[in-house]
Amino acid sequence: MLVVNNNFSSVQWRYCIRLENLDSEVVQLRERHWRIFSLSGTLETVRGRGVVGREPVLSKEQPAFQYSSHVSLQASSGHMWGTFRFERPDGSHFDVRIPPFSLESNKDEKTPPSGLHW
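Since this is a predicted model, take the numbers as computed values, not measurements.

## A word on the nonpolar core
A general trend in soluble globular proteins is that nonpolar side chains are found buried together.
Argument step 1. Core analysis: the largest hydrophobic core is formed by 20 residues, its most contacted members being L19, W34, Y67 and F84.
Argument step 2. Elements that contribute at least two residues to this core include exactly β2 (10-20), β3 (27-38), β6 (64-73), β7 (77-87) and β8 (93-104).
Argument step 3. In terms of residue count, β2 provides more of this core than any other element does, five residues in total.

## Quick look at the side chain of H33
Argument step 1. Secondary-structure assignment places H33 in strand β3.
Argument step 2. Of note is the side chain of H33, whose polar atom sits 3.1 Å from the side chain of R47.
Argument step 3. If we skip the residues at most four places from it in the chain, H33 touches T45, V46, R47, W81, G82 and T83.

## Remarks on the confidence of the model for the protein chain
Argument step 1. Here the protein chain shows a mean pLDDT of 86. Residues at 70 or above account for 81%.
Argument step 2. Taken element by element, the protein chain is modelled with least confidence in strand β1 (residues 2-5), mean pLDDT 42, and with most confidence in strand β5 (residues 57-58), mean pLDDT 98.
Argument step 3. Every residue in residues 1-8 is under pLDDT 50, and counting partners more than four places away or in other chains gives 16 contacts.

## What to know about the pattern of salt bridges
Two side chains with opposite charge may pair up if their charged atoms get near one another.
Argument step 1. Under the definition given, this model contains six salt bridges.
Argument step 2. Notably, a salt bridge pairs E87 with R30, separated by 2.6 Å at the nearest N-O pair. Remark: R30 occurs in strand β3 and E87 occurs in strand β7; sequence separation between them is 57 residues.
Argument step 3. Owing to a relative accessible area of 21%, E87 belongs among the partly exposed residues under this scheme.
Argument step 4. With a shortest N-O distance of 2.7 Å, R85 and D95 are connected by a salt bridge. Of this pair, R85 sits in strand β7 while D95 sits in strand β8, placing them 10 residues apart in sequence.
Argument step 5. A cluster of three or more residues bridged by salt bridges with shared partners is formed by R30, R49, E55 and E87.

## Overview of the environment of H33
Argument step 1. For H33, a relative accessible area of 19% corresponds to the buried category.
Argument step 2. Put simply, H33 and R85 are 52 residues apart on the chain and 8.3 Å apart in space, counted from C-alpha to C-alpha.

Reading the values: the criteria
Residues numbered from 1 in each chain as written. Predicted model: local features only at pLDDT ≥ 70, side-chain atom pairs only at ≥ 80, totals over all residues. Heavy atoms only, no water. Core = buried A, V, L, I, M, F, W, Y, C linked by side-chain atoms within 4.5 Å. Buried < 20%, exposed > 50% of the residue type's maximum accessible area, 1.4 Å probe, protein only. Helix = DSSP H or I, 4+ residues; strand = E, 2+ residues; numbered from the N terminus. Polar contact = N/O pair within 3.5 Å; in protein donor to acceptor, adjacent residues only side chain to side chain. Contact = heavy atoms within 4.5 Å. pLDDT = per-residue confidence, 0-100. Salt bridge = Lys/Arg side-chain N within 4 Å of Asp/Glu carboxyl O.

Spelled out as structure tokens, the structure:
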């Protein structure tokens, strides 16, 4: 979803992430690491514990967790990518890579792109 905030000359993007554990082993999300590139030339790094204040446990009983968040860009397009770090019951960790996805808009459009709602 695209939200244009004219007061700050930035474009805010809302994104939704669904994490799903396809294995029988219980894992817990511990950290996230995002790299956010704006076509204005900036590259921002965001790293921290969990997501949206939570560190969900993914198990056979509750294999999925979904959340929404947002990011602001100083340009009308860019992209972001990153990793999620999970912890196993034995204390070992592994990272799951999130491939780059585009953040693009056409500010001149009067209607949202197909499938999006304002």
